[in-house]
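Topology and contacts: notes
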Amino acid sequence: MIERLTAIMARLRDPVDGCEWDRVQTWSTIAPYTIEEAYEVADAIARDDPADLKDELGDLLLQVVFHSRIAEESGAFQLSDVVTAISDKMERRHPHIFGDALASPGWETIKAGERAQKSDPSALAGVAIGLPALSRAEKLQKRAARTGFDWPDAEGPLAKVFEEIEEVREAGSDTVAEEIGDLLFAVTNWARHLGVDPEAALRAGNAKFEARFRAIETSGGDAFAAMTLDQKEALWQSIKRRGG
């Protein structure tokens, strides 16, 4: 089956008879689509829609084939190399399944060995810049924590949140954005210590806000836009009390 898809992509990328759009794309130009497709996979999962998930996984797989085809054309690598590399990595990282569990050096040692073979041996290496900011903050914090750079409990991060709030309050126009960033980073750290996924929590918060706002719009009808803030807030509290 995958051979059919790779053949389709090769045809689309044909420099003479291929698709005008597909054949001029580069890794950089299709990277945003790759990210978008990953989010659409997550959205299908959140909606518990297996049929849509099947389609979205296909779209995401196409992105892998697309990137690999571009690489093959330049002689960098091909799809089979991608499959081999991830297969090797999964076996290497699971010696308790595919090898001698007693001889395994442990997860962190394995990861450290992989990082040492790269140009950047830092514990923070490989945390993708393109991740959503909250997710990347959490991953950076987890990586740092594995080296022992972490608070022992949630009280430290909580105190840091209050400290950052004060710094935001005192910030001038030229530093407020930086201080807001520090505050969000601190909140993410606090969430991590509480066992809360900050990205998932914010997605849930977004969904709750959207549902309640749509409800007060419906409740207010044609008069909603002209209502005062107090009137809209009253509608909001009414919806909230009803569990909306």
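Up top is the structure.
Every chain begins its residue count from 1, and numbering advances along the sequence as written. Two thresholds apply to this predicted model, a pLDDT of at least 70 for residue-level local features and 80 or more for giving and counting side-chain atom pairs, whereas whole-chain, interface and lining totals are computed over all residues. Heavy atoms from the whole structure form the basis of all side-chain values; hydrogens and water molecules are not counted.

1. Details of the packing of aromatic side chains
Aromatic rings considered in pairs are described by the distance between their centres and by the relative angle of their planes. Applicable threshold: When two rings of Phe, Tyr or Trp (its six-membered ring) have centres within 6.5 Å they constitute a pair, described as stacked for plane angles under 30 degrees, edge-to-face for angles over 60, and tilted for the intermediate range. Helix numbering and strand numbering both begin at the N terminus, where a helix is a DSSP run of H or I of at least 4 residues and a strand a DSSP run of E of at least 2. Exposure is judged per residue with a 1.4 Å probe applied to protein chains only, and the accessible area is read against the type maximum: over 50% gives exposed, under 20% gives buried, and values in between give partly exposed.
Evaluated as defined, the whole model comprises 6 aromatic pairs. When the centroid spacing of 5.8 Å and the interplanar angle of 85 degrees are considered together, the rings of W21 and Y33 count as edge-to-face. In this pair, W21 sits in the loop between α1 (2-12) and α2 (27-46) while Y33 sits in helix α2, placing the two residues 12 residues apart along the sequence. Residue W21 is classed as partly exposed on the basis of its relative accessible area of 41%.

2. Let's talk about helix α3 (residues 50-74)
Keep this limit in mind: Here the expected length of a helix is defined as 1.5 Å per residue gap, with one fewer gap than residues. Residue contacts are counted whenever heavy atoms from the two residues lie within 4.5 Å of one another.
For α3, which comprises 25 residues, the first-to-last C-alpha distance of 37 Å matches the rise-based estimate of 36 Å (1.5 Å per residue) to within 8%. E56, Q63, V65, F66, H67, S68, I70 and A71 are the residues of α3 that are buried. Turning to α3, the residues buried within the fold contact α1, α2 and α4 (79-93). Downstream of α3 by one or two residues, G75 has phi in the positive range, about 80 degrees.

3. Observations concerning the pattern of salt bridges
Our working rule: Salt-bridge detection follows one rule: a side-chain nitrogen of Lys or Arg within 4 Å of a carboxyl oxygen of Asp or Glu.
Enumeration according to the criterion identifies 12 salt bridges in this entry. The partner of E138 in a salt bridge is K142, with the nearest N and O atoms 3.7 Å apart. With a gap of 4 residues between them, E138 and K142 both fall in helix α7 (residues 133-146), about one helical turn apart. Linking E163 and K160 is a salt bridge whose minimum nitrogen-to-oxygen distance equals 3.0 Å. With E163 and K160 both in helix α8 (residues 155-170), this residue pair falls 3 residues apart, about one helical turn. We classify E163 as partly exposed; its relative accessible area is 36%. Residues joined in a network through salt bridges with shared partners are R13, R69, E72 and E73.

4. Let's talk about unusual backbone geometry
The phi angle at D48 is positive, at roughly 50 degrees, despite the residue not being glycine. Residue D48 is classed as exposed on the basis of its relative accessible area, which comes to 64%.

5. Focus: the environment of I239
In this structure, I239 sits in helix α11 (residues 229-241). Each C-alpha atom of the pair I239 and T218 lies 11 Å from the other, and the pair is 21 residues apart in sequence.

6. Re the packing of helix α10 (residues 198-220) against α11
This is how the line gets drawn: Lines are fitted to the C-alpha atoms to define the axes, a helix being fitted only along its stretch in contact, and any angle between axes, read from their N-to-C directions, falls within 0 to 180 degrees. Angle categories are assigned with fixed cut-offs, so that under 35 degrees is roughly parallel, over 145 is roughly antiparallel, 65 to 115 is roughly perpendicular, and the rest are oblique. Crossings are assigned a handedness: left-handed for a near helix turned anticlockwise from the far helix by less than a right angle, right-handed for a clockwise turn. Under this grouping Gly is polar, as are all residues other than the nonpolar Ala, Val, Leu, Ile, Met, Phe, Trp, Tyr, Cys and Pro and the charged Asp, Glu, Lys and Arg.
For the pair α10 and α11, interaxial distance at closest approach is 9 Å and the crossing angle is 120 degrees. Considering the angle they form, α10 stands oblique to α11. In the packing of α10 onto α11, the handedness of the crossing is right-handed. Across from F209, R212, F213, A215, I216, S219 and G220 in α10, the residues of α11 making contact are K232, L235, W236, I239 and K240. Residue composition of the contact of α10 with α11, grouped by class: 7 nonpolar, 2 polar and 3 charged.

7. Considering the environment of A207
Among the secondary structure elements, A207 is positioned in helix α10. A residue is classified by how much of its surface remains accessible, and A207, at 44% relative accessible area, is partly exposed. Along the primary structure A207 and K240 are separated by 33 residues, whereas in three dimensions their C-alpha atoms are 14 Å apart.

8. Some thoughts on the nonpolar core
Basically, it comes down to this: Each nonpolar core is a collection of buried residues, namely Ala, Val, Leu, Ile, Met, Phe, Trp, Tyr and Cys, held together in the definition by side-chain atoms within 4.5 Å.
Judged by nonpolar contacts, M9, I30, V65, F66, I70 and L79 together constitute the single largest core of 6 residues. Of the residues forming this core, the biggest block, 3 residues, is contributed by α3. M9 has contacts with L62, V65, F66 and R69, leaving out every residue within four places of it along the chain. Counting 5 residues, the second-largest nonpolar core is a separate cluster that includes I216, F224, W236 and I239.

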